[in-house]
Amino acid sequence: MIRSVVRGNGAALPRRIMKNADFEGMVETSDEWIVQRTGIRQRHVAADDETTASLGEAAARAALDSAGMTSADIDLIILATSTPNNTFPATAVEIQNQLGMHHGFAFDMQAVCSGFVYAVATADLYIRGGLAKRVLVIGSETFSRILDWNDRSTCVLFGDGAGALVLEAEGGAGAITDRGVLAASLRSDGVHKDKLFVDGGPSTTGTVGHLRMEGREVFKHAVGMITDVIEATFGEAGITAEDLDWFVPHQANKRIIDASAKKLGIAEQKVVVTVDLHGNTSAASVPLALSVAVADGRIKKGDLVLLEAMGGGFTWGAVLLRW
Ligand code: UT7
């Protein structure tokens, strides 16, 4: 059978770092509150010349370099984002052009913080369906542009950045020992739409709007939803938590990550945590975390890696792959 195997990965972050203490003069908050409640210590914030397209392009170039490929080798670009450069055209098409790629096709995928997990699962289907051989999967966000900087309950939580993977078709035995994407489970339920949303849009207000979140409500659902979809993924693959080498969760809150890992029985040393460095970068959080764990030598060829995310909608999902 055909498997979608990771050939390369990359990341890009805005130049400017904002520490927790930098918020202390802006809203009523403290480094202590932010660290204790979330684990976040800093986040990167895009300057005017840094956009979802430019960060996504930089991450894509890094991923292509690490794969030893150029955009000429790619058939499809899927960009997971909720902060596109424009309402349309898709920012993926802008990145395609910036990469000098004028063949194949590109589109955006909108599943908020779950976007990258949705995009990897989608890329895998295009590859296994024979519609693409090599796919660039990017998560890129500039949430700083949609934050209400006077709302302390949200503005301290999010950051900007981008990460990317190159996936390529390769023959596999259909076994758990294959490299590539092995299982995926995706979920959504719009009954929760008012708990985490943006209060503007082209077809309603005609404005971009600002992010609004009932944090406590999201928190309440997060661990149950995450563990549920991961257990479904384990079931599909016929594995248990003990078989995993690395757990790379969405980086929204260290307490959610810890509680999910504990409930699933995933050992602490197998959990990749970057929320302290990046904050919540929505669809970029999982590929950014992957890039850190690959760069420092933790994730190696042949390792069994579980990706997970949960976010606005609600949307949630998990992907199991062998690196
Ligand atoms: O990526 C998509 C998924 N998103 C998430 O997973 C986010 C999920 N939610 C969370 O991570 C947490 O709920 C938060 C970090 C957003 C909040 O933590 P919490 O422990 O749930 O705190 P809370 O919302 O219950 O707020 C506790 C107190 C409140 O004051 P009162 O009502 O107890 O007087 C807040 O007003 O903390 C206050 N507060 C703050 N204080 C200092 C809220 N934001 C801040 C702040 N600094 N930045």
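Now for a look at the structure at hand. (Residues numbered from 1 in each chain as written. Predicted model: local features only at pLDDT ≥ 70, side-chain atom pairs only at ≥ 80, totals over all residues. Heavy atoms only, no water.)

**Describing the packing of helix α2 (residues 52-67) against helix α3 (residues 91-98)**
In contact at an axis separation of 9 Å, α2 and α3 are set at 55 degrees when each is read in the N-to-C sense. Put simply, α2 runs oblique to α3. For the crossing formed where α2 meets α3, the hand is right-handed. In this structure, α2 contributes Thr52, Ala53, Gly56, Glu57 and Arg61 to the contact, and α3 contributes Thr91, Glu94, Ile95 and Gln98. Across the contact of α2 with α3, the residue classes break down as two nonpolar, four polar and three charged. (Axes fitted to C-alpha atoms, helices over the stretch in contact; angles between N-to-C directions. Helix = DSSP H or I, 4+ residues; strand = E, 2+ residues; numbered from the N terminus. Parallel < 35°, antiparallel > 145°, perpendicular 65-115°, else oblique. Left-handed = near helix turned anticlockwise from the far one by under 90°. Contact = heavy atoms within 4.5 Å. Nonpolar A, V, L, I, M, F, W, Y, C, P; charged D, E, K, R; others polar.)

**A short note on the sheet that holds strand β12 (residues 304-311)**
Spatially, the four strands line up as an open sheet ordered β8-β13-β12-β11, and their pairing is mixed. A strand with exactly one partner marks an edge of an open sheet, and here the two such strands are β8 (180-188) and β11 (246-249). Mean inter-strand twist for the sheet, computed between neighbouring axes without regard to direction, equals 10 degrees. Most of the contacts of helix α4 (residues 115-128) go to β8, to which it runs at about 125 degrees, and overall it touches β8, β12 and β13 (315-322). (Pairing = 2+ DSSP bridges.)

**Points about the site of the ligand**
Close to the ligand lie 24 residues; Thr29, Arg37, Arg216, Asn253 and Asn280 are nearest. Here a nitrogen atom of the ligand and a backbone polar atom of Arg152 are 2.9 Å apart. In isolation the ligand exposes 960 Å². Once the protein is present, 77% of that is buried. Contributions of two or more residues to the shell around the ligand are made by α1 (31-38), α5 (152-155), α6 (215-237), α7 (254-264) and β12. Per element, the largest residue contribution to the shell around the ligand is four residues, and it comes from α6. Of the residues contributing to the shell around the ligand, the split by class is 11 nonpolar, eight polar and five charged. Two domains each put at least three residues into the shell around the ligand: domain 1 (2-171) and domain 2 (180-322). (Near = heavy atom within 4 Å. Polar contact = N/O pair within 3.5 Å; in protein donor to acceptor, adjacent residues only side chain to side chain. Areas by Shrake-Rupley, 256 points an atom, 1.4 Å probe, with all protein chains shown as cover. Domains from an automatic or database assignment.)

**Some words on the sheet that holds strand β6 (residues 134-142)**
With mixed pairing, five strands are arranged side by side in an open sheet as β1-β7-β6-β4-β5. One side of each edge strand has no neighbouring strand; the edge strands of this open sheet are β1 (2-12) and β5 (105-109). Adjacent strand axes in the sheet meet at a mean angle of 20 degrees, parallel and antiparallel pairs treated alike. Note: β1 against strand β7 (residues 160-171), 10 bridges, orientation antiparallel. Opposite Gly8, over in β7, you have Val166 as the bridge partner. Helix α9 (residues 285-295) contacts β1, β6 and β7 of the sheet and is inclined by roughly 85 degrees relative to β1.

**Structural notes on the pattern of salt bridges**
This model, assessed by the stated rule, comprises 15 salt bridges. Two residues, Arg15 and Asp49, come together in a salt bridge whose shortest N-O distance is 2.9 Å. Of this pair, Arg15 sits in the loop between β1 and β2 (16-19) while Asp49 sits in the loop between β3 (42-45) and α2, and the two are 34 residues apart along the sequence. For Asp49, a relative accessible area of 52% corresponds to the exposed category. Between Arg212 and Asp148 there is a salt bridge; the shortest N-O distance is 2.9 Å. Pair noted here: Arg212 is in strand β10 (residues 211-213) and Asp148 is in the loop between β6 and α5, with a separation of 64 residues, a long-range link. The class of Asp148 is buried, set by a relative accessible area of 17%. (Salt bridge = Lys/Arg side-chain N within 4 Å of Asp/Glu carboxyl O. Buried < 20%, exposed > 50% of the residue type's maximum accessible area, 1.4 Å probe, protein only.)

Purely geometric stuff here, so don't read any function into it on its own.
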